[in-house]
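Per-entry structural report
Listed below, chain by chain, are the residues.
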Amino acid sequence: MRKPNKVWTMGLLFIFTIAIVFSGCSKSDNTAATNTNKADITANDAAKGNTTIINKAVIRALRYILNCIRFDACLFFHKFSSLFMLVSPAAISRRSNLNKSDARLFLLRVRSERIITDLAQNHDIIFTTSFGYMDYTLNVAKKFPKIIFEHSAGHKTANNMGTYFGKNFEGSYLAGIAAGIVTKKNLLGYVGAFPIPEVIYNINAFALGAQSVNPDAKVSVVWSNTWYDPTTERQAAISLLDKGADVLLAYRGSSTTVQAAAERGAFASGNDFDRTKDAPDDYLTNPTWNRGPYYSKIMKAVEAGTWTNAPYMGSLADGRVDIAPLGPKIPDDVKKLVADAKAKILDGSLKVFTGSIMEASGAEKVKAGDTMSLEDILKMDWFVKGVDGTIPK
């Protein structure tokens, strides 16, 4: 009897594997789509996200894989989802009707749950560090009830999953003070990642800080609709500079905005950490994070058996957030104003969102003397007066 041809054997194994992948991905995707609403992950998901689109993403991605499998078939036999880890959004977009944003969303879901699942098999505590991982973390947490999960910036919890974040709007307010003084054109530019509350309240805090020292300061907003895409961010930054902005802040992952501003001799701020090295002569400052102390606290609590899933919101006062040192060109009197405002936030005499605060339409949103609750801040979906931009619904 003739031995089975090796090529046919591989082909049959491949077809069997594709059937399993298709079944598994569809089930996982429907679950994720059910657990997702417009405010849950990204603006792309908010604008596009529904079960139909994601199911189409699965089908089209698999079609792409079928076309390319001659190069990568062996990877399926290691782990069914391995090939998804190698396919790029651009590649899927070329082979399907999906745009790059939808392709990126599909791959993010597959890759994220795969990676978090792998970590859960070998670790006792898992920290996921971005808003977009919320649903994926929750899905995996349900499968591993004995593992502790901590998710940054989200609002969903489980018995074994907590959330942590910080009042980074305090740092944005202080950066706004510096921007409001150094601007010569009274036009500040802001490159926002996605129109979600986390970004919106930081834009508003930046504007309020600027207006506290310069009532004529305006903030123009451009959305990049991505957390990290240097090309898109650069285009957004240049559009703001062309509009006349002479100070930029970007709530983004790359340093492109800071660099683009420096090329025009404009001051700029970034996000997350000190970015002085990206524009030594034209750096302003920006909000920063300090995650270490919280991670240490959580690990000790888990070891002691005292961990709970209670949400944590850090602040300037406990060191969770801060601002980077102001750049070398920032005058000493500006540095003093920022330092004085920081001291007032630390002692509680200055609260960023205390009225009177007007929204962009001109209506009073927060009455004089009133302070917004943290709950209301964290679901903010409106711009303060002086902010020029739209918030897609």
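The structure reproduced in this document is the subject of the present report.

The rules we used
- Residues numbered from 1 in each chain as written.
- Predicted model: local features only at pLDDT ≥ 70, side-chain atom pairs only at ≥ 80, totals over all residues.
- Heavy atoms only, no water.
- Helix = DSSP H or I, 4+ residues; strand = E, 2+ residues; numbered from the N terminus.
- Buried < 20%, exposed > 50% of the residue type's maximum accessible area, 1.4 Å probe, protein only.
- Contact = heavy atoms within 4.5 Å.
- Areas by Shrake-Rupley, 256 points an atom, 1.4 Å probe, with all protein chains shown as cover.
- Core = buried A, V, L, I, M, F, W, Y, C linked by side-chain atoms within 4.5 Å.
- Expected span 1.5 Å × (residues − 1).
- Arc of directions from axis to C-beta.
- Axes fitted to C-alpha atoms, helices over the stretch in contact; angles between N-to-C directions.
- Parallel < 35°, antiparallel > 145°, perpendicular 65-115°, else oblique.
- Left-handed = near helix turned anticlockwise from the far one by under 90°.
- Nonpolar A, V, L, I, M, F, W, Y, C, P; charged D, E, K, R; others polar.
- Salt bridge = Lys/Arg side-chain N within 4 Å of Asp/Glu carboxyl O.
- Polar contact = N/O pair within 3.5 Å; in protein donor to acceptor, adjacent residues only side chain to side chain.
- Phe/Tyr/Trp six-rings, centres within 6.5 Å; stacked < 30°, edge-to-face > 60°.

A word on the overall build of the protein
For the protein, the helix and strand inventory stands at 13 helices and 13 strands. Each of the 393 residues in the protein was classed as buried or not, and the buried ones make up 51%. Counting contacts in the protein only where the partners sit at least 6 residues apart, residues at least 24 apart contribute 62% of the total. With the model as given, the accessible surface of the protein reaches about 18600 Å², and the carbon-plus-sulfur share is 55%.

Regarding the nonpolar core
The biggest cluster of nonpolar side chains holds 57 residues, and the ones touching the most others in it are Tyr 173, Leu 174 and Phe 353. The set of elements that each furnish at least two residues to this core consists of helix 7 (169–182), strand 4 (187–192), helix 8 (197–213), strand 5 (218–223), strand 6 (247–251), strand 10 (321–323) and helix 12 (332–347). When residues of this core are assigned to their parent elements, the largest contribution, nine residues, is made by helix 8. Within the second largest apolar cluster, 17 residues are counted, among which are Leu 187, Val 258, Ala 266 and Tyr 283.

Details of helix 11 (residues 292–304)
Helix length check: helix 11 (13 residues) gives 18 Å between terminal C-alpha atoms against 18 Å at 1.5 Å per residue, within 8%. Considered for burial, the residues of helix 11 that qualify are Tyr 294, Tyr 295, Ile 298 and Ala 301. Mapping the buried residues of helix 11 onto a view down its axis gives an arc of 125°, with all of them on the same face. Exposed residues pointing more than 90 degrees away from the buried face of helix 11 are listed as Pro 293, Lys 300, Glu 303 and Ala 304. Buried residues along helix 11 sit in contact with strand 1 (125–128), strand 2 (148–152), strand 3 (161–166) and strand 9 (312–314).

Some points on the packing of helix 7 against helix 8
Where helix 7 meets helix 8, the axes come as close as 6 Å, and the angle between the chain directions of the two elements is 40°. Relative to helix 8, helix 7 is oriented oblique. Crossing handedness for the pair helix 7 and helix 8: right-handed. Contacts between helix 7 and helix 8 involve Phe 169, Ser 172, Tyr 173, Ala 175, Gly 176, Ile 177, Ala 179, Gly 180 and Ile 181 from the former and Tyr 201, Asn 202, Ala 205, Phe 206, Leu 208, Gly 209, Ala 210, Ser 212 and Val 213 from the latter. Tallied by class, the residues present in the contact of helix 7 with helix 8 amount to twelve nonpolar, six polar and no charged.

A closer look at the pattern of salt bridges
For the structure on display, the rule yields ten salt bridges. Across the pair Arg 234 and Glu 263 runs a salt bridge whose closest N-O atoms are separated by 2.7 Å. Residue Arg 234 is found in helix 9 (residues 230–243), and its partner Glu 263 is found in helix 10 (residues 256–263); the two are separated by 29 residues along the sequence. Residue classification places Arg 234 among the partly exposed positions, given a relative accessible area of 30%. By relative accessible area, Glu 263 is classed as exposed at 55%. With its nearest N and O atoms 3.7 Å apart, the salt bridge here joins Lys 329 to Asp 282. One end of the pair, Lys 329, is in the loop between strand 10 and helix 12; the other, Asp 282, is in the loop between strand 7 (267–269) and strand 8 (287–289), and 47 residues separate them in sequence.

Thoughts on the side chain of His 151
Looking at the element boundaries, His 151 is found in strand 2. For His 151, the side chain forms a polar contact with the main-chain nitrogen of Gly 154, separated by 3.4 Å. Among all residues touching His 151, those that are not within four sequence positions of it are Thr 128, Ser 130, Phe 131, Tyr 133, Met 134, Thr 137, Met 161, Gly 162, Thr 163 and Tyr 164.

Some remarks on the environment of Ala 141
Here Ala 141 lies in helix 6 (residues 134–143). On the basis of relative accessibility, which here comes to 1%, the residue Ala 141 falls in the buried class. For the pair Ala 141 and Ala 120, spaced 21 residues apart in sequence, the C-alpha separation works out to 8.4 Å. When residues no more than four places from it in sequence are discounted, the contact partners of Ala 141 are Phe 149, Asn 160 and Met 161.

Comments concerning the packing of aromatic side chains
In this structure the tally under the stated criterion is twelve aromatic pairs. Aromatic pair Phe 165 and Trp 289: ring centres 4.8 Å apart, planes at 45°, arrangement tilted. Pair noted here: Phe 165 is in strand 3 and Trp 289 is in strand 8, with a separation of 124 residues, a long-range link. Neither Phe 165 nor Trp 289 differs from the other in exposure class; each is buried. Through successive ring pairs, a cluster of aromatic residues spans Phe 127, Tyr 164, Tyr 294, Tyr 295 and Tyr 312.

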